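Spelled out from the first residue to the last, the chains are:
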Amino acid sequence: MDAEINPRKNLIGLDRDELASELAAIGEKPFRAKQLWHWMYYHGVTDFDAMTTIAKAARPLLKELFCTERPDISRLETSEDGTRKWLLKFDDANEAETVYIPETDRGALCISSQVGCTLNCSFCHTGTQKLVRNLTASEIVGQMMVARDSYGEWPLGKDVPKSERMISNIVMMGMGEPLYNFDNVKKALKIIMDPEGISLSKRRITLSTSGVVPMMQRCGEEIGVNLAVSLHACNDELRDQLVPINRKYPLKELLEACRQYPGANNANRITFEYAMLKGVNDSDADARELIRLVRGLPVKFNLIPFNPWPGTRFENSDPKQAKRFSGILNKGGLSAPIRVPRGRDIMAACGQLKSDSERQRRQKTGLSA
């Protein structure tokens, strides 16, 4: 994917209007854009010669000017529990991680929105990597396409029913804050949701934010996906330490934004993510305060065992206390399951992503890159 080697324009990540404009500029009719869209996003085809509904006479020019490339795979790791993690390299040699988490009858793809992160959440490994840049729509969509390539979930040659696809859900919970890259995330998710392509329902997509309050309303109105909020504390004093963006948008403003989130109701609740940190935010009193804090909001909790990373000062809550914490929330009328950690052995669990972490580990241990 080196631009000097391959100067062709990548069509992945263009919306329908942009694709039509590119083709109109070389004299192609509007129907050609619809054909290409179908081949790229429904069948996942990368070779123009394999796009059999496109006239043979048109294919050489398309091959000369365009490509349909995904990010390069720098490294692929598979956990003992089946979790799969890709380190993906982009045209400028920057990298980001993408994770697939399998379940019995479904699976979620955790997609990154930035290289690095600005939020510096103290318990998150990604926060120790400075923000390099936003990912483009092409690079965000490309993560989904790499994963579908890996699992052979394109219908070409075999019709894979949606009900049987391993990649059934997307969570924008990878590296970065999606709402700080709103335009590219919106564009990418619209492409993924397009019914004539990948066609993933908005009900199967969850966007996770640390609390960028001014963008939450737009997320609900313009994208319409499920919302998850990284809460992690029941008061401003603690949340200021754990999630520093709270100093800008404190809990009162965050909870009001949740209350106003379009589409949120008891049948479609907002998820509050809560990392269980031993002796920090896991007391019985914390659980009771959470019940008071969210009273009247259509929310559920996702209690996340802390996933350790090199250099962290935090520890995971004692399992007995985590279960007690969950039970208090349950008795208070809140759904609060404890997530089963996945992919810890390959640093793919929640809060462990960092694109240069493996390279650093290998350098420290004397292994080759």
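S.K.: So what exactly am I meant to see when it comes to the environment of P308 here?
M.R.: If you trace the backbone, P308 turns up in the loop between strand 13 (299–305) and helix 10 (319–331). In sequence terms P308 and L353 are 45 residues apart; their C-alpha atoms lie 11 Å from each other. Ignoring any residue separated from it by four or fewer positions in sequence, one finds P308 in contact with R344, M347 and Q352.

S.K.: Just checking my understanding: could you explain the pairing of strand 5 (residues 95–102) for this structure?
M.R.: The side chains of a regular strand alternate, first on one face of the sheet and then on the other. Burial runs high along strand 5: seven of the eight residues are buried. Where strand 4 (residues 84–89) lies against strand 5, six bridges are found, and the strand directions are antiparallel. Its bridge partner lying in strand 5, R84 is registered against Y100. Hairpin geometry of strand 4 and strand 5 is characterised by an intervening segment of five residues between the two adjacent antiparallel strands and by a positive phi of about 75° at A93.

S.K.: Any chance you could explain a positive patch on the surface here in plain terms?
M.R.: On the surface, a cluster of positive charge is contributed by R106, K190, K202, R203 and R204. Mapped onto the elements of the fold, R106 is located in the loop between strand 5 and strand 6 (107–110). Taking the relative accessible area as the measure of exposure, R106 reaches 38% and is therefore partly exposed.

S.K.: Is there a simple way to explain helix 9 (residues 284–293) in this structure?
M.R.: One full turn of an α-helix is made of 3.6 residues, so residues set three or four places apart face in the same direction. Buried within helix 9 we find D284, D286, A287, L290, I291 and L293. Here the buried face of helix 9 lies against helix 8 (251–259), strand 12 (270–276), strand 13 and helix 10.

S.K.: Would you explain the packing of helix 9 against helix 10 in this entry?
M.R.: Packed helices, taken two at a time, are described by the angle their axes make and the gap between the axes. At a minimum axis separation of 9 Å, helix 9 and helix 10 run at an interaxial angle of 25°. One way to sum up the angle between helix 9 and helix 10 is to call them roughly parallel. In the packing of helix 9 onto helix 10, the handedness of the crossing is right-handed. Packed against helix 9, whose contacting residues are D284, D286, A287, R288, L290 and I291, the element helix 10 presents Q321, R324, F325, I328 and L329 at the interface.

S.K.: Would you take a moment to explain the pairing of strand 9 (residues 169–172) for this structure?
M.R.: A two-sided burial pattern is seen for strand 9, the buried positions comprising N169 and V171 on one face and I170 and M172 on the other. Across three bridges, strand 6 lies against strand 9 in parallel orientation. Paired with L109 across the bridge in strand 9 is I170. Two strands pair when backbone bridges link them, and strand 9 and strand 10 (residues 205–209) are joined in this way by three bridges, in the parallel orientation. Residue pairing in the sheet places M172 in a bridge with L207 of strand 10. As for the winding sense of the linkage, the β-α-β connection from strand 9 through helix 5 (residues 182–193) to strand 10 is right-handed.

Rules and cut-offs
Residues numbered from 1 in each chain as written. Predicted model: local features only at pLDDT ≥ 70, side-chain atom pairs only at ≥ 80, totals over all residues. Heavy atoms only, no water. Helix = DSSP H or I, 4+ residues; strand = E, 2+ residues; numbered from the N terminus. Contact = heavy atoms within 4.5 Å. Buried < 20%, exposed > 50% of the residue type's maximum accessible area, 1.4 Å probe, protein only. Pairing = 2+ DSSP bridges. Patch = residues over 30% accessible without salt bridge, like charges linked within 9 Å, V, L, I, M, F, W, Y side chains within 5 Å. Areas by Shrake-Rupley, 256 points an atom, 1.4 Å probe, with all protein chains shown as cover. Salt bridge = Lys/Arg side-chain N within 4 Å of Asp/Glu carboxyl O. Lys, Arg positive; Asp, Glu negative; His and termini not counted. Charge placed at Lys NZ, Arg CZ, Asp CG, Glu CD. Axes fitted to C-alpha atoms, helices over the stretch in contact; angles between N-to-C directions. Parallel < 35°, antiparallel > 145°, perpendicular 65-115°, else oblique. Left-handed = near helix turned anticlockwise from the far one by under 90°. Right-handed = clockwise from strand over helix to strand, strands pointing away.

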